[in-house]
Amino acid sequence: MVYLKYIIYFIIIIKVNCSNDQSTLNQEKLSNEKSTLLALSFYRSNGECLRKESSSGSSIYTCSKYDNGLCNINLLIFTSGEKTKLLSDTTKIINKRPECKESLVLSGLLNQAINTNDEIDTFKRNNSFTGLDSCNTKNFSKYEKLVSKEELLFLISARGKIGTFAYNSAQSIFETTIKKNARECLANEFSETENQLLKDIYSATKVQEVKCTESSSTGLCN
């Protein structure tokens, strides 16, 4: 009976140790998974985007501040889901700010067409995207004028596009209802920082992207 008691104790100790070892392994696995996700998240939220568009005899390179996670063919594709969201976003803006209606119409957002499968295939065939720490390797002119990622995401949004056309309309030399409403739209819907950005885009002090064309014969990008 004494030996049996020791054997039982020994089995219990082994089970406890095994349980502790498994718990430690699970914790280490969870910690490694979290570290991997954090590293992936950091990578995807950083970097810049270099797009190469192939055409006859040359390649067109475009640099923008889209991060690594956004730098892909989806930048060129407009889907039915995006159309639905666009209509929802613009409706909310106009319901709140009727004075922005003319700017919305002028922006062409409501007429933006969903891409067909053939168009998407053409995009994929002629374009490639590369996420880089910095895409300023082609000696882009005006690279220093690129807007930040946050500014870029604002400018391509429904609000940003409406604001862009409102600012353009507000610069008209003629006093019209469109100009008056555009000014009110800018004053009522957009912050001071957003208005400054719209002004910088209008004056080309800042740009959304920069381009150069690489000749297949010389290899130079101008």
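Cut-offs used in this document
- Residues numbered from 1 in each chain as written.
- Predicted model: local features only at pLDDT ≥ 70, side-chain atom pairs only at ≥ 80, totals over all residues.
- Heavy atoms only, no water.
- Helix = DSSP H or I, 4+ residues; strand = E, 2+ residues; numbered from the N terminus.
- Buried < 20%, exposed > 50% of the residue type's maximum accessible area, 1.4 Å probe, protein only.
- Contact = heavy atoms within 4.5 Å.
- 1 Å grid on protein atoms, 1.4 Å probe; cavity = no way out; pocket = protein on both sides within 12 Å on 5 of 7 lines; lining within 4 Å.
- Points joined across faces, edges and corners; volume = space filled by probe spheres on them.
- Nonpolar A, V, L, I, M, F, W, Y, C, P; charged D, E, K, R; others polar.
- Expected span 1.5 Å × (residues − 1).
- Salt bridge = Lys/Arg side-chain N within 4 Å of Asp/Glu carboxyl O.
- Pairing = 2+ DSSP bridges.
- Axes fitted to C-alpha atoms, helices over the stretch in contact; angles between N-to-C directions.

Enquirer: Talk me through the environment of L152; I want residue IDs and the actual numbers.
Expert: Position of L152 relative to the elements: it lies in helix α5 (residues 149-155). Residue L152 is classed as buried on the basis of its relative accessible area, which comes to 2%. For the pair L152 and E209, spaced 57 residues apart in the sequence, the C-alpha separation amounts to 9.1 Å. For L152, the contacting residues outside a window of four places in its chain are S64, K65, Y66, V147 and Q208.

Enquirer: Any chance you could break down the layout of surface pockets for me, citing the residues and the numbers?
Expert: Size it by volume and the largest pocket reaches roughly 1000 Å³. In this structure, the largest pocket is lined by 34 residues; those nearest its centre are Y66, L75, E82, I156 and K161. Contributing elements (two or more residues each) for the lining of the largest pocket: β1 (48-55), β2 (58-64), α2 (80-96), α5 and α6 (158-170). Grouping the constituent residues of the lining of the largest pocket by class yields 17 nonpolar, 10 polar and seven charged.

Enquirer: Talk me through α6; I want residue IDs and the actual numbers.
Expert: Quick reminder: α-helices carry 3.6 residues per turn. Residues three or four places apart thus point the same way. Along its 13 residues, α6 runs 18 Å from first to last C-alpha, staying within 8% of the 18 Å computed at 1.5 Å per residue. The inward-facing, buried residues of α6 contact α2, α3 (101-107), α5, α7 (177-189) and α8 (192-202).

Enquirer: Describe in detail α7, supporting the description with residues and values.
Expert: With 13 residues, α7 extends 18 Å between its outermost C-alpha atoms, agreeing within 8% with the 18 Å of an ideal straight helix rising 1.5 Å per residue. Looking at the packing, one finds that the buried side of α7 touches α2, α3, α6 and α8.

Enquirer: Give me the pattern of salt bridges: which residues, what numbers.
Expert: Inspection of every chain in the model, using the stated rule, returns 12 salt bridges. A salt bridge links K96 to E189, with the nearest nitrogen and oxygen atoms 3.4 Å apart. Of this pair, K96 sits in helix α2 while E189 is found in helix α7, placing the two residues 93 residues apart along the sequence. Residue classification places E189 among the buried residues on the basis of a relative accessible area of 11%. Its salt-bridge partner being E194, residue R159 comes within 3.0 Å of it at the nearest N-O pair. With a gap of 35 residues between them, R159 in helix α6 and E194 in helix α8 connect regions that are remote in the sequence.

Enquirer: Help me get a handle on the sheet that holds strand β4 (residues 210-215), residues and values and all.
Expert: With antiparallel pairing, the four strands of this open sheet are ordered in space as β3-β1-β2-β4. Of all strands in the sheet, those bounded by a partner on one side alone are β3 (127-132) and β4. The average undirected angle you get between the axes of adjacent strands in this sheet is 20°. Bridge count between β2 and β4: six bridges; the pairing is antiparallel. Note on β4: the bridge partner recorded for T62 is K211. Of the strands in this sheet, β1 and β3 are in contact with helix α4 (residues 117-126), which crosses β3 at around 55°.

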